[in-house]
Structure formats: C-alpha cells, structure tokens
Amino acid sequence: MTRCGFVAIVGRPNVGKSTLMNRILGQKISITSRRPQTTRHQVTGIKTVGEAQTIYVDTPGIHIQTRDRNKAINRFMNQAATQALRDVSAVVFLIDRTRWTEEDEVVLQRLEHLQAPVILAVNKVDRLQDKASLLPWLESIEARREFAAIVPISAKHGTNVPELEAELTRHLPESVHYFPEEQITDKSQRFLAAELVREKVMRQLGDEIPYQMTVEIEEFRDEGRIIHISALMLVERQGQKKILIGENGERIKSIGREARLDMERALDAKVMLNLWVKVKRGWSDDERALKSLGYDLD
C-alpha cells in the first residue's frame, strides 16, 4: 500500500522553515539566511521512503503588512503561503521556542478553519535555557487550538526531526506516488541557480539591500560537463547597484564565487557564472513586473 500527500510548512518569517525542509531532504533546496522573508516562493521538496512519498512545500513567512511591508511582493508572499494550505494532507506549524509574536498569531488564524491535521513543531529547543518552561508554555498554546501532535525539534541539528517525519507519514492518504523515487524537487535548475545567487546577496548585504533585489537567469546553457549561467541582479536604485558591485568589483566577485561553488555542488557540474547588475525602479511594487520575473501564483 503506497501513501502520498502534500505537507505545508508554515510559520512567521525567519523561524526556520527552509532549514527544516533542507534537513528533511538531506540537501539544500530552499535558500536560507538570517534575514526574514528570505523565501519568496513556494518551494517543493520530495522525499520518498519505502511506500511513503511526502511532498513538502516550504512557504514564505506569513507576515503583517505594515507601511514599509505593503508592496506587491509582500502581498505575493502572503498569498503564496496561504495558497499552499489548499488540499494538503497535513501542516507543520513551526514556531520558535517559547517566543510567541503577533505574526505567530496571524499564522494561527490562517489555520483556524483548516480541515487538515496541524502538527506544532517547536524549533530551536536546543537553545532553550530553561527546559522546564517549555511544557507550561506549550499548554497555553494548546489552549488556543487542538493540534494533531506537538514535536519539539532542532531543524539545524536534526533533533527529533525523524519523529516529526514519522508523525507526518501517519497522515498521508493511500495514493500512488506523484513523482519518481529519485526526484527531490519540482523546481528547475534555473530556479535553483537564481535562488543561490539571491541567497549570497542576502547573506552578504542583508542590511544594505534587504528586499529590493531579485535575480533573473538570462542564460542557462548545459554543455555536459560545463554549465554556463548568466544571472542578472535587479535593484531599485543606483546606490544599490554600487553597493552590489562594491569597490573595484570586489563584492560582486565574492557573491559570484560563493554562488558558483554552491551551484557546482547542487548541479554536480563545473559552472561558469557571469553576474550583472541592472537598475529597474519600482519592480517590487509592480505586479506586471513581478509576473515577468516569475512571481506568479498561477
């Protein structure tokens, strides 16, 4: 008897959703950084173990749209996260230890009328100073909603992640597998390449260029043992372009070097990477521009 189903991983920004999915899959599919809202798209990771195939959907952090976070791209990310809840077999609601924020409450409200079982995963328990405080705090959260299970985990170190996976497998329906056993994502190599460049920018320049930057792959040419990639980094202001390039081009060289090494590991091939920077004013608040750049829920 084979089982197969979708599992959405949801939570507020910067709570560890992408780290959790990468840990489950055993390799990087979703990019990570210390900056909130690093994930912008639904990213699908597929894990097949024996008769069970679990299709994980990593989602953008659900966030409150404040005055400075009310652009078209913010609306897109919230819609992408909410859309991922449709037709899932289970949901992982990820929170951070005993921290409960207004945005956690917003996520909980989105789950209010959901029919699928919700598993509460409490992340970063390895960093909890007072372990005895966890139980009474969890009881207060459980009073807000009945969860199918509560699993304390460390996505970074893998603590209790196999137990979380086992709990999710219990909720998968009987079904044929949707993907071949060896497939681990439905995203293209072009998408992964663009995300890896964006990750390096977020990690190196998260304070200077937090969210007004995106990456578009202009060329992806596979010649067997060598893959030629040209990536265009779009920013909104001329000053951001100067920051990205850096003095004597040192910053863009550093971003390219780190991205290329990750690409070679992910694609298992030698990569020739060229990076360019272009100013495209207002792209993050222009729905037509977003669609042309791949931010499209359809």
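Residues numbered from 1 in each chain as written. Predicted model: local features only at pLDDT ≥ 70, side-chain atom pairs only at ≥ 80, totals over all residues. Heavy atoms only, no water.

### Brief notes about the pattern of salt bridges
Then, in step 1: Inspection of the entire model under this criterion finds 19 salt bridges.
Then, in step 2: As a salt-bridge pair, D96 and R12 come within 4.0 Å of each other at their nearest N and O atoms. Taken together, the residues span a long stretch of sequence, with D96 in strand β4 (residues 90–96) and R12 in the loop between β1 (3–10) and α1 (17–25) at a distance of 84 residues.
Then, in step 3: By relative accessible area, R12 is classed as buried at 6%.
Then, in step 4: A salt bridge links E105 to R144; the shortest N-O distance between them is 2.5 Å. On the criterion of sequence distance, the pair formed by E105 in helix α3 (residues 102–110) and R144 in the loop between α4 (134–142) and β6 (149–152) is long-range, its members being 39 residues apart. (Salt bridge = Lys/Arg side-chain N within 4 Å of Asp/Glu carboxyl O. Helix = DSSP H or I, 4+ residues; strand = E, 2+ residues; numbered from the N terminus. Buried < 20%, exposed > 50% of the residue type's maximum accessible area, 1.4 Å probe, protein only.)

### With respect to the environment of G256
Then, in step 1: Structurally, the position occupied by G256 is in helix α8 (residues 250–267).
Then, in step 2: Placed 55 residues apart in sequence, G256 and V201 show a C-alpha to C-alpha distance of 9.4 Å.

### Some points on the packing of helix α7 (residues 238–245) against α8
Then, in step 1: With their axes 5 Å apart at the nearest point, α7 and α8 run at an angle of 65° to one another. Counted together, I243, L244 and I245 of α7 and E250, R251, I252 and I255 of α8 form the full contact between these two elements.
Then, in step 2: Its residues assigned to classes, the contact of α7 with α8 comprises five nonpolar, no polar and two charged. (Axes fitted to C-alpha atoms, helices over the stretch in contact; angles between N-to-C directions. Contact = heavy atoms within 4.5 Å. Nonpolar A, V, L, I, M, F, W, Y, C, P; charged D, E, K, R; others polar.)

### Focus on the sheet that holds β4
Then, in step 1: Here we have six strands laid out as an open sheet, ordered β2-β3-β1-β4-β5-β6, and mixed in their pairing. Edge positions in the sheet fall to β2 (43–49) and β6, since each of these pairs with one other strand and no more. Going across the sheet, the axis of each strand differs from the next one's by a mean of 25°, ignoring polarity. (Pairing = 2+ DSSP bridges.)

### Examining the pairing of strand β5 (residues 118–123)
Then, in step 1: Counting buried residues in β5 gives six out of six residues, a clear majority hidden from the surface.
Then, in step 2: The two faces of β5 match: V118, L120 and V122 on one face and I119, A121 and N123 on the other face are all buried.
Then, in step 3: Pairing of β4 with β5, which is carried by six bridges, proceeds in the parallel orientation. Each bridged residue has a counterpart across the sheet, and for V91 the counterpart in β5 is V118.
Then, in step 4: Taken together, β4, α3 and β5 constitute a β-α-β crossover, and its handedness is right-handed.
Then, in step 5: Both β5 and β6 contribute to a ladder of four bridges, which runs parallel. Bridge pairing links A121 to V151 in β6.
Then, in step 6: In terms of handedness, the path from β5 via α4 over to β6 forms a crossover that is right-handed. (Right-handed = clockwise from strand over helix to strand, strands pointing away.)

### A look at the confidence of the model for the protein chain
Then, in step 1: Residue-level pLDDT values for the protein chain average 85, and 84% of them are 70 or greater.
Then, in step 2: Per-element confidence in the protein chain is highest for helix α5 (residues 161–170), whose mean pLDDT is 96, and lowest for helix α2 (residues 72–83), whose mean pLDDT is 64. (pLDDT = per-residue confidence, 0-100.)

### Regarding the sheet that holds strand β9 (residues 270–279)
Then, in step 1: Within the open sheet, the three strands sit side by side as β7-β8-β9. Their pairing is mixed. A strand with exactly one partner marks an edge of an open sheet, and here the two such strands are β7 (213–222) and β9. Neighbouring strand axes in the sheet, compared pairwise and without regard to direction, differ in orientation by 20° on average.
Then, in step 2: The pairing of strand β8 (residues 226–235) with β9 spans 10 bridges and is parallel. Bridging from a neighbouring strand, I227 pairs with V271 of β9.
Then, in step 3: This element, α7, spans β7, β8 and β9 of the sheet and lies at about 155° to β9.

### Points about unusual backbone geometry
Then, in step 1: Even without a glycine there, the phi angle at N248 is positive, about 60°.
Then, in step 2: Here N248 shows up in the loop between α7 and α8.
Then, in step 3: When its relative accessible area of 67% is taken as the criterion, N248 is described as exposed.
Then, in step 4: Look at D268: it is not a glycine, yet its phi comes out positive at around 55°.
Then, in step 5: Turning to its location among the elements, D268 is positioned in the loop between α8 and β9.

### A look at the nonpolar core
Then, in step 1: Within the largest apolar cluster, 28 residues are counted, with the highest numbers of intra-cluster contacts made by V197, I229, M233, L244 and M263.
Then, in step 2: Element by element, the count of residues in this core is highest for helix α6 (residues 189–205), at seven residues.
Then, in step 3: Ranked by size, the runner-up nonpolar core spans 23 residues in total, among them L20, L25, V151 and V161. (Core = buried A, V, L, I, M, F, W, Y, C linked by side-chain atoms within 4.5 Å.)

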